[in-house]
Amino acid sequence: DFVSKALSRLLNPACHDSVLKVQGIGGAVVTKMYGHKDIVKGAQLGDLHQSNTRSVVVELEYTPSGAEPGTRHEILSYSLSFRPVGEADQVVLKETIQVQYSNDSEKVEASRSADVEARHLVAKSSDIDSKVAECLENNDVAGARTWQTENFAVLEQAVARDVKGKAQAAAMYRDAQRNMRSIETEGASSKNKKTFTSRGYAKRRCSASYTAQMMD
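Residues numbered from 1 in each chain as written. Predicted model: local features only at pLDDT ≥ 70, side-chain atom pairs only at ≥ 80, totals over all residues. Heavy atoms only, no water.

1. A short note on the nonpolar core
Stage number 1. Judged by nonpolar contacts, the single largest core of 21 residues is most densely connected at V132, A144 and F196.
Stage number 2. Secondary-structure elements contributing two or more residues to this core are α3 (114–137), α4 (141–161) and α5 (169–186).
Stage number 3. Broken down by element, the residue count for this core peaks at eight residues, all from α3.
Stage number 4. Those residues within four positions of A144 in sequence are excluded, and the remaining contacts are V132, C135, L136 and I183.
Stage number 5. V22, A28, V30 and F82 belong to the second-largest nonpolar core, a separate cluster that totals twelve residues. (Core = buried A, V, L, I, M, F, W, Y, C linked by side-chain atoms within 4.5 Å. Buried < 20%, exposed > 50% of the residue type's maximum accessible area, 1.4 Å probe, protein only. Helix = DSSP H or I, 4+ residues; strand = E, 2+ residues; numbered from the N terminus. Contact = heavy atoms within 4.5 Å.)

Below you can see the structure in the form of structure tokens.
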């Protein structure tokens, strides 16, 4: 069951106390880190486990000025700090992300990452789950249905972009359909309140194995 699966994950950590921090550079500004309210403190990821993938979705704003096509510029720096299993000292990995300027619309379109776009849409879906849960807490079933309908639209886009299935969008869409039926039949039940709170949490964690367990 879910509990036994979750406990099994505790037996194979790769590292502890992991934190991902990001910062805009060169005029770029990080505006949101999904699932993590304090951008300065970063994403508190805790234990990272073997045979699992964790993702952090970040939004940033950037307006290029006077850049020549073909040139590259750094827009984001990030650091991942963690404590390897069995060791006392922290390890810090640092890197930067660059963008290449282009005035070729076809080249720009070809450079778009379907995987990243799918994960971004899933992250937006987690915010909607929180809205649904809030409506249910207030016994506003009509509001919950409205938000869940919007959730369908967002997840449909995610499924279309999630060509390789890495964002698990199809499973989330099917789960959203089941949850809508539950809203229709059970309304603001304690079960539904718990379901949408946990689904939003699962999506915000962006953990492949955790999400798979939740959607089973």
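2. A short note on the packing of α4 against α5
Stage number 1. Where α4 meets α5, the closest approach of the two axes is 9 Å, and the angle between their N-to-C directions is 165°. By the angle between their directions, the pair α4 and α5 is classed as roughly antiparallel. When you trace α4 past α5, the crossing you get is left-handed. Contact residues: V141, A144, R145, Q148, T149, F152, L155, E156, A158 and V159 in α4; A169, A170, M172, Y173, A176, Q177, N179, M180, I183 and E184 in α5.
Stage number 2. Here the residues of the contact of α4 with α5 sort into 13 nonpolar, four polar and three charged. (Axes fitted to C-alpha atoms, helices over the stretch in contact; angles between N-to-C directions. Parallel < 35°, antiparallel > 145°, perpendicular 65-115°, else oblique. Left-handed = near helix turned anticlockwise from the far one by under 90°. Nonpolar A, V, L, I, M, F, W, Y, C, P; charged D, E, K, R; others polar.)

3. Digging into α4
Stage number 1. For α4, spanning 21 residues, the distance from its first C-alpha to its last is 30 Å, which sits close to the expected 30 Å at 1.5 Å a residue.
Stage number 2. Those residues of α4 that fall on the buried side of the exposure criterion are G143, A144, Q148, N151, F152, V154, L155 and A158. (Expected span 1.5 Å × (residues − 1).)

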